[in-house]
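# Structure at a glance
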Amino acid sequence: MDTICFFTPHEGISLSDLSGLCGAELANPAFADRQVTGIAPLSRAGGGEITFAVSRAAVADLKKSRAAAVFVTSQFAGDVPEGVAALVTAAPQLAFALAGAILVPAAVRPVQLTSETGIAATATIDPSARLEDGVIVEAGAVIGARAEIGAGTVISSGSTIGPGTRIGRNCHVGPSATVQHALIGNNVILHPGVRIGQDGFGYVPGPAGLVKVPQIGRVIIQDGVEIGANSTVDRGALDDTVIGEGTKIDNLVQIAHNVRIGRNCIIVSQVGIAGSATLGDRVMIGGAAGVNGHLTVGDGAQIAARSGVAGNVPPGARWGGVPARPISAFLRDAAAANARAFGRRGKKSTDSSGDM
């Protein structure tokens, strides 16, 4: 097996310290001074590594584990082998994620491509741009007129920051990303190839063909947002496109003009959200789902993968299917459709055998 690793192991932290930082209880104090340096899946975690188990399906691997320690609920603490430290918590996966951020911090935030500590000689920065102390601009990046960038932000190689764009502090703009017509808060991560602030898709039929509607809005991205590789966020037509604080967006997502997304939403890959749709706080949308324009998805609603949302979704609802509807109705309809399909096949099979 290739031994190359892109993430340097931690120098070591005691289980006593780590459990306190992750909100877990060390079941056996005898392991308090044991050092852990990395993370690994339950099936292959070994000495110095910490892992987690969350379900009955994991019990077989848990009983064979050779990890230094494992996060488990009290239900499965008795299945942890002798010699493996049990860290008991109501939320093992959350505790594991917190531990991972401590042990391999480079894996939770993009790192620089180069060792630049300031402005690369080959970066192009307009004289009217304002960069606070501590901004890093890598080779080949372009920063336009009147742009403003806060301290601790990294502008990666080949990326472009448009005129007048404002980016807050401790942000990361990935390689080859483009950001224009945008106001971006602090601690925002834009992964490679992200496109922010290009004009929205708006046309009106005219006698000689389609006439482009001017797109004069902005993109406003609040603190703590993360947007995955090759996702796109169009600027507003007349109003703004807004992405709320703490929202996380996967790769290959399209967000159209004037869309408003609330706080702490999760939007999975290949989702498309049409113009002027509004999502409340804590909305979750599964992969490859589509949301029609000019509708509202209420706070806390969940949309199943590959669904087509064509109407307003109430707060807290769970919808799925095409067109999307309450998940119970979708599953009932799917079961009935399968029953009809299998019934027809069975009839055809019987008829055919009768003709032989």
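All residue numbers refer to positions counted from 1 along the written sequence of the respective chain. Residue-level local features of this predicted model are given only where pLDDT is at least 70; pairs of side-chain atoms are given and counted only at 80 or more, and the full residue set underlies all totals for whole chains, interfaces and linings. In computing side-chain properties, one takes all heavy atoms of the structure into account and sets aside hydrogens as well as water.

### Quick look at helix H3 (residues 92-103)
With 12 residues, H3 extends 16 Å between its outermost C-alpha atoms, agreeing within 8% with the 16 Å of an ideal straight helix rising 1.5 Å per residue. All buried positions along H3 are accounted for by Pro92, Ala95, Phe96, Ala99, Gly100 and Leu103. Buried residues of H3 fall within an arc of 140° about the axis and therefore sit on the same side. Residues of H3 that are buried sit in contact with strand E1 (13-14), helix H1 (15-22), strand E3 (35-36), strand E4 (38-39), strand E5 (49-52) and strand E6 (69-72). A run of H or I in DSSP becomes a helix once it reaches four residues, and a run of E becomes a strand once it reaches two; helices and strands are each numbered from the N terminus. How far a helix is expected to stretch is found by multiplying one less than its residue total by 1.5 Å. Relative accessibility under 20% of the residue-type maximum defines a buried residue, over 50% an exposed one, and the middle range a partly exposed one, all with a 1.4 Å probe and only protein chains included. In this context, the arc is that of the directions from the helix axis out to the C-beta atoms. Two residues form a contact once any of their heavy atoms are found within 4.5 Å.

### Observations regarding the sheet that holds E5
Any two strands with at least two DSSP-identified bridges between them are counted as paired. Overall, mixed pairing links the five strands, which are arranged E2-E7-E6-E5-E4 in an open sheet. Single-partner strands in this sheet number two, and they are strand E2 (25-26) and E4. Alignment of E6 against strand E7 (residues 85-88), held across four bridges, turns out to be parallel. The residue bridging Phe71 from the neighbouring strand is Leu87, located in E7. Simply put, an axis is a line fit to the C-alpha atoms, just over the touching stretch for a helix, and the angle between two N-to-C directions goes from 0 to 180 degrees. Sheet strands touched by H1: E2, E5, E6 and E7. Its angle to E7, the strand with the most contacts, is close to 20°.

### Quick word on the environment of Ala101
Mapped onto the elements of the fold, Ala101 is located in helix H3. Of the residues examined, Ala101 reaches a relative accessible area of 34% and is grouped as partly exposed. Distance in space between the C-alpha atoms of Ala101 and Gln270 is 27 Å, their sequence separation being 169 residues.

### With respect to the pattern of salt bridges
What counts as a salt bridge is simple: a side-chain nitrogen of Lys or Arg found within 4 Å of a carboxyl oxygen of Asp or Glu. Across all of its chains, the model carries seven salt bridges by this definition. Salt-bridge contacts for Lys212 lead to Asp199; the nearest nitrogen and oxygen are separated by 2.8 Å. In this pair, Lys212 is assigned in strand E22 (residues 209-212) and Asp199 in the loop between strand E20 (195-196) and strand E21 (203-206), connecting sequence segments 13 residues apart. Classification of Lys212 as partly exposed rests on a relative accessible area of 42%. A residue is classified by how much of its surface remains accessible, and Asp199, at 29% relative accessible area, is partly exposed. With a closest N to O distance of 2.8 Å, Asp240 and Arg218 form a salt bridge.

### Remarks on the nonpolar core
Ranked by size, the top nonpolar core spans 53 residues in total, and within it Ile196, Ile227 and Ile273 carry the most contacts. Mapped by element, the contributors of at least two residues to this core are strand E18 (182-184) and strand E23 (219-221). If near-sequence neighbours (up to four positions away) are discounted, Ile227 is found in contact with Ile189, Leu190, His191, Val194, Ile196, Ile221, Val233, Ile243 and Ile249. What makes a nonpolar core is a set of buried Ala, Val, Leu, Ile, Met, Phe, Trp, Tyr and Cys residues whose side-chain atoms join them at distances within 4.5 Å.

### Regarding a nonpolar patch on the surface
A surface patch of nonpolar side chains, about 390 Å² in accessible area, is lined by Ile4, Phe6 and Phe7. Relative to the helices and strands, Phe7 is located in the segment before E1. Among the residues examined, Phe7 registers a relative accessible area of 39% and is labelled partly exposed. Patch criteria: residues need more than 30% relative accessible area and no salt bridge. Like-charged residues are merged within 9 Å; nonpolar side chains of Val, Leu, Ile, Met, Phe, Trp and Tyr are merged within 5 Å. Calculation of accessible area relied on Shrake-Rupley with a 1.4 Å probe; when residues are assessed, cover is drawn exclusively from the protein chains displayed.

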